[in-house]
Amino acid sequence: MSLFNTIPNDLDEVDIIIAGGGTAGCVLAARLSDASPNTSILVVEGGRNNRGDPSIVHPALFLSGIAPTSTTTLFYKGAAEPSLAGREMVVPSGGVLGGGSSINLLTYSRAQKSDLDAWGVPGWTADELVPYMKKFETYHGPGKAATHGDSGPVHVTGGTFTASHSKADFIQAADRLGWPLSRDLQAVDGSACSPGAVQANLRYIGEDGTRQDAAHRYLHPRLDDGGAHQQLRVLTEHQVVRVLFDGEKRAVGIECQRDSRFLDGDAVDGPAASASPRIIMARRLVVVSCGALGSPLVLERSGVGDPAVLKRAGVPLVADVLGVGLNYMDHHVLACPYRSSLEPDETLDALYAGRIDMGALVARRDPLLGWNAADVTSKLRPSEDDVDAMGEEFRDVWDRDFKERPDRPLAIITSLNCFPGDPSSLPVAQFMSASSFTTYPYSRGHIHITGPRATDPPDFRTGFFTDPHGVDVKSSMWAYKKQREILRRMAVYRGEWAPGHPPFASDSPAACVEREGPIAGEVKNIAYTREDDAVLEKWLRENVQTTWHSMGTCKMAPREERGVVDPTLSVYGVQRLKVVDLSIPPSNIAANTGSAAFMVGEKAADLIIAELGL
Ligand SMILES: Cc1cc2nc3c(=O)[nH]c(=O)nc-3n(C[C@H](O)[C@H](O)[C@H](O)COP(=O)(O)OP(=O)(O)OC[C@H]3O[C@@H](n4cnc5c(N)ncnc54)[C@H](O)[C@@H]3O)c2cc1C
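First things first, this report covers the structure right here in the doc.

Rules of the game
- Residues numbered from 1 in each chain as written.
- Predicted model: local features only at pLDDT ≥ 70, side-chain atom pairs only at ≥ 80, totals over all residues.
- Heavy atoms only, no water.
- Helix = DSSP H or I, 4+ residues; strand = E, 2+ residues; numbered from the N terminus.
- Polar contact = N/O pair within 3.5 Å; in protein donor to acceptor, adjacent residues only side chain to side chain.
- Contact = heavy atoms within 4.5 Å.
- Phe/Tyr/Trp six-rings, centres within 6.5 Å; stacked < 30°, edge-to-face > 60°.
- Buried < 20%, exposed > 50% of the residue type's maximum accessible area, 1.4 Å probe, protein only.
- Lys NZ or Arg CZ within 6 Å of the ring centre and 35° of its normal.
- Core = buried A, V, L, I, M, F, W, Y, C linked by side-chain atoms within 4.5 Å.
- 1 Å grid on protein atoms, 1.4 Å probe; cavity = no way out; pocket = protein on both sides within 12 Å on 5 of 7 lines; lining within 4 Å.
- Points joined across faces, edges and corners; volume = space filled by probe spheres on them.
- Nonpolar A, V, L, I, M, F, W, Y, C, P; charged D, E, K, R; others polar.
- Near = heavy atom within 4 Å.
- Areas by Shrake-Rupley, 256 points an atom, 1.4 Å probe, with all protein chains shown as cover.

Here the focus is the side chain of H446. By the element assignment, H446 lies in strand β19 (residues 446–448). Within the structure, the side chain of H446 is placed 3.1 Å from the side chain of D459, a separation counted as a polar contact. When residues no more than four places from it in sequence are discounted, the contact partners of H446 are G325, L326, Y328, D459, F460 and R461.

Laid out in structure tokens, this is it:
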């Protein structure tokens, strides 16, 4: 058996260990095994097997992955942050085989060309990376064939269902604001996105309506292929505690233990579950691929990191690498609900509120299951007047970082045909929402260990809204105002769902309204007063959320610039150890981050195949 949740007694040593079977980890394992079927590769994943799990396979059930009770998700809890009105942010991350690709919201989106060029890393420019973006996908959308893949394992389609009327409605409303429909905002070819545009959403959904996660598309087919990949094995439900080094600081193995989520469960293929740690040796390479919130913790528990952090945590130092756990980045998101005149079969509200029998949908393979409720996405820039209105400091940043890079948007706004949260206390109704995130936050956070054990709670701060010039909060204010203007121009708009919006004064033009019909005639933009802006900023600090796009905590950069890995993804100060996941981007990208994770997996595979001569 090549996939197991109990360590076989004879599994003591392999050639390559991949710690973490998430998005990049699954891609890497599959490609290395293709290149060298006789090389023994072990993936050690903390979460359970995802194979055939209905809540993963059927895109429409995506909300179950982020419900607080989810067992397929890791919830990284942050400290109380003054910039967020004292809130303790909880950032969900993939915690199952396939990682984020198994639980994410399936929106297809790619970095802008200038984002990747800005990484400034030899071998990692956009032109050098586009081949890896093409390699993982079979693209069924419109646009430029030259920059999209046609034979990769991950199918990118429009899904099996679209709420056509509201989709057209959103596109028309954005057009009235000067943001036209683009055929392909994801071309990574440097085309200007000035003033911005919207696009019919494409998704990581196959033509059969199933989720295209990294485990189902890369790992499972190889584990099932009758022996051609016999040396590829996957251990689930086991957490990697640390990497082990020999006297020359060569990574020679790992210590792992049963993930605490599964200690009470029954082992399906071996003796009873045990919490005792086990050591598995690696002859050639250890790769850490535990995601941007998991990988720095593994490195630090292994003795690689800032000596002060390790000392506080009681971990002996192996290599002094100051950047581990720093440079935490995410996008800052708001998801705002609106009342609508949508019909029950145009949203996922009835499904989430339990008014539709999910079992019946699955039994009849209903096309609704192949939908993520997000039909339109966008990449949007402010006008010069908007930039001026945001003040001098924003203008300086705009002129420095955006003006000469016309492919850089300030925000991504996506339509969502459902209520973006817990439906239990809602009236029976159909909601329309807009999810808006800002693309290049300047704030940075960190994540570090506080003790040597995998169960010690991390010291985690998102850093949201802490940039010195307040540019991030101004960008989010702009995004709030713009998503609202788009929704106000839609024919299905029936006002705001006030509990999900800032509490503007009731006599303000910005106050939330409830309407019987759409706004007639030409719609004027809301004129926000200073008081409204103060209310909005306070509300943002109280409500801004994670976009689940964690990145940057083991950045690929020179060591003296707080880099953790070099351009071959090798960790500084030690040997035979690499990091392969979204910990490594040094700066942010204007996209949902899934495609970057697949790309990093593909690129890393080529680097490792060449380096080890596989
Ligand atoms: C809820 C959600 C919604 C999202 N929506 C979208 C979207 O619509 N579109 C998009 O493009 N992107 C989206 N993303 C982002 C995207 O999925 C992630 O950026 C991407 O999956 C990250 O890939 P990764 O390989 O870096 O890490 P992951 O895929 O998170 O993989 C890390 C793996 O390591 C495992 N792990 C962690 N610690 C340990 C340990 N100590 N030992 C063993 N295993 C460990 C985890 O269980 C996980 O499987 C979303 C993410 C989330 C969480």
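Here the narrative resumes, following the displayed structure.
Further remarks concern the packing of aromatic side chains. Here the structure, examined in full by the defined rule, presents 20 aromatic pairs. On the basis of an interplanar angle of 15° and a centroid distance of 6.5 Å, the ring pair of F394 and W398 is categorised as stacked. In this pair, F394 and W398 both sit in helix α14 (residues 392–401), 4 residues apart, roughly one turn of the helix. Note on F419 and W497: the rings are 6.4 Å apart at their centroids and 90° apart in plane angle, and the pair reads as edge-to-face. Residue F419 is located in the loop between β17 (411–416) and β18 (431–438), and its partner W497 is located in the loop between β21 (493–496) and α16 (530–543); the two are separated by 78 residues in the primary sequence. Taking relative accessible area as the criterion, W497 reaches 13% and is therefore assigned buried. An aromatic cluster of at least three residues, connected via ring pairs, comprises Y108, F136, Y139, Y204, Y218 and F598. Taking the ring centre of F402 as reference, the NZ or CZ of R408 above it sits at 5.8 Å.

Among soluble globular proteins, nonpolar side chains are generally buried collectively. Formed by 93 residues in total, the largest nonpolar core has its most connected members in L116, L299 and L577. Among the elements that line this core, the one with the most residues is helix α17 (residues 594–612), at 10 residues. If we skip the residues at most four places from it in the chain, L116 touches A111, W124, T125, A126, L129, M133, V188, I589 and M599. Among the nonpolar cores identified, the runner-up in size contains 48 residues, and A173, V198, F402 and V473 belong to it.

Before going further, it helps to spend a moment on empty space enclosed by the protein. One pass over the structure, following the stated rule, counts 2 cavities of 30 Å³ or more. In this structure, the largest cavity occupies an estimated 60 Å³ of space. Taken together, F402, L410, T438, T439, Y440, P441, Y442, D472 and S475 make up the lining of the largest cavity. Partitioning the lining of the largest cavity into residue classes produces 5 nonpolar, 3 polar and 1 charged. Reported here for the second largest cavity is a volume of approximately 40 Å³. Taken together, S55, I56, L61, F62, S64, G65, T72, S102, I103 and R211 make up the full set of residues lining the second largest cavity. Taken together, the elements giving at least two residues each to the lining of the second largest cavity come down to α2 (54–57), α3 (63–66) and α4 (100–103). Residue classes in the lining of the second largest cavity are distributed as 4 nonpolar, 5 polar and 1 charged.

With that settled, consider the site of the ligand. Surveying the vicinity of the ligand reveals 40 residues, the closest of which are T23, E45, V240, T593 and G594. Side-chain polar atom of T23 to an oxygen atom of the ligand: 2.8 Å apart, as the coordinates give it. In this structure, a nitrogen atom belonging to the ligand sits 3.0 Å away from a main-chain N or O atom of G46. Notes on the ligand: free accessible area 1,000 Å², of which the protein chains cover 96%. Elements with a contribution of two residues or more to the shell around the ligand: α1 (23–35), β5 (87–94), α4, β10 (238–245), α9 (295–301) and α17. Residues belonging to the shell around the ligand are distributed by class as follows: 16 nonpolar, 21 polar and 3 charged.

The next thing to look at is the layout of surface pockets. Approximately 390 Å³ is the volume attributed to the second largest pocket. Along the walls of the second largest pocket sit 16 residues, with A389, M390, W478, K481 and D533 positioned nearest its centre. Elements with a contribution of two residues or more to the lining of the second largest pocket: α13 (384–389), α15 (471–488) and α16. Ranked by the residues each element gives to the lining of the second largest pocket, the list is headed by α15, at 7 residues. By residue class, the composition of the lining of the second largest pocket is 8 nonpolar, 1 polar and 7 charged.

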